[in-house]
Amino acid sequence: MDLHAVRTFVAVADAGQFQEAASTLAVTQQAVSKRVAALEKDLGVRLFTRTARGARLTIDGQAFLPHARDLLRAEQRAADSVRPGRRALRVDVIGRRLAPAGLLSGFRRAHPGTELDVVTLFDADTALAAVRSGTIDAAFRALTLPARQLPDGVEAARVYDEPVQLLTGPDHAFAAARAVTPAELAGHRIWMPGIVAGTEWATYYEDLAAAFGLTIEVTGPDFGTEPLLDTIAGSSVIATFVGERTRLVWPADHDLRRVPVHGPTPVYPHSLIWRGDNPHPALTALRDHLAATRPERHDADTWTPRWAR
């Protein structure tokens, strides 16, 4: 169905005259008549009856009018879904319980009128490909490759260094500690079954383990967060690492403990990735917000892998 003809039909119905509709649409009256005639031919019915005062909807025209308006609204929604500045900003956050989701929530609170389409892609390679192709507008990721090796047109900025914490059950040796150093964790079992080889987070924790002589176990089935927390709660020897801003909920009787790691503090380096030629105004607003709210870094007190420096 010709949407130009549908739009013309609605304009005539609203104006009650072909001439006034032509003026509204900035076309000739002849063009209006031709479009309405073509639509009537397509539908096989008369939509208007001409009168001395202009044009009056027929019964079929009255029946068609609300559906015609729906068609035009659907057309507008379809166009807005892909127009920068009108469509939602599409952003990858790795996981909805992790720090990037919290950063994006903070941006949404600061810019309540901004529409967001939040997705969770698998790893940095997938996110980079999606940014480069335009499937998404931006991604929060740890970049294991130097900025000069990013694909052409893709840019990145470090936006948040998230401290890593030790999560233990109530009977663990460090459960009552106010803080623990990375060196003190050597020889203790740290279980992280969700680590997937080849991902950026696997690379980070491999480098962390190598730097401080830690043993991070990734064996065993990964049944998700809840079974992991159950295991940690009931063990006196197994702990795990979590990000400071990772949102976790557990039963009260688990009595889990978040123990800060200092001396130095390992931080996970979150970067925002985007295409330099992306014109979406909300992307600029997001970058400005992250730059303005980024906590001050004290490099002498923190540790990151060499590829993040």
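This one's a predicted model, so the numbers in the text were calculated from it and none came from an experiment.

**A few points about the packing of helix α5 (residues 99-110) against helix α9 (residues 281-293)**
Contact geometry of α5 with α9 gives a least axis separation of 10 Å together with a crossing angle of 110°. Taken together, α5 and α9 sit at an angle that is classed as roughly perpendicular. Residues Leu103, Leu104, Gly106, Phe107 and Ala110 of α5 touch α9, and the partners they reach there are Ala282, Ala285, Leu286, His289 and Leu290. Looking at the contact of α5 with α9 residue by residue, the classes come out as 8 nonpolar, 2 polar and no charged.

**Examining the packing of aromatic side chains**
With the rule as written, the count across this model stands at 9 aromatic pairs. Note on phenylalanine 18 and phenylalanine 48: the rings are 5.8 Å apart at their centroids and 70° apart in plane angle, and the pair reads as edge-to-face. With phenylalanine 18 in helix α2 (residues 18-25) and phenylalanine 48 in strand β1 (residues 48-51), the pair connects residues that are 30 residues apart, well separated along the chain. As far as burial versus exposure is concerned, phenylalanine 18 and phenylalanine 48 are alike and both buried. For the pair tyrosine 205 and phenylalanine 241, a centre-to-centre distance of 6.0 Å together with 15° between the ring planes defines the contact as stacked. In this pair, tyrosine 205 is assigned in helix α7 (residues 200-212) and phenylalanine 241 in strand β9 (residues 238-243), connecting sequence segments 36 residues apart. A relative accessible area of 10% places tyrosine 205 in the buried class. For phenylalanine 241, a relative accessible area of 6% translates into the label buried. Here the aromatic cluster, defined as three or more aromatic residues joined through ring pairs, consists of Tyr204, Tyr205, Phe212, Phe241, Tyr268 and Trp303.

**Overview of the pattern of salt bridges**
The full count for this structure, using the stated rule, is 12 salt bridges. The partner of arginine 141 in a salt bridge is glutamate 200, with the nearest N and O atoms 2.8 Å apart. Of the two residues, arginine 141 is situated in strand β5 (residues 138-141) and glutamate 200 in helix α7; the sequence distance between them amounts to 59 residues. Pair check on accessibility: arginine 141 and glutamate 200 agree, each one buried. Because the salt bridges share partners, they merge into one network encompassing Asp92, Arg141 and Glu200.

Parameters and conventions
- Residues numbered from 1 in each chain as written.
- Predicted model: local features only at pLDDT ≥ 70, side-chain atom pairs only at ≥ 80, totals over all residues.
- Heavy atoms only, no water.
- Axes fitted to C-alpha atoms, helices over the stretch in contact; angles between N-to-C directions.
- Helix = DSSP H or I, 4+ residues; strand = E, 2+ residues; numbered from the N terminus.
- Parallel < 35°, antiparallel > 145°, perpendicular 65-115°, else oblique.
- Contact = heavy atoms within 4.5 Å.
- Nonpolar A, V, L, I, M, F, W, Y, C, P; charged D, E, K, R; others polar.
- Phe/Tyr/Trp six-rings, centres within 6.5 Å; stacked < 30°, edge-to-face > 60°.
- Buried < 20%, exposed > 50% of the residue type's maximum accessible area, 1.4 Å probe, protein only.
- Salt bridge = Lys/Arg side-chain N within 4 Å of Asp/Glu carboxyl O.

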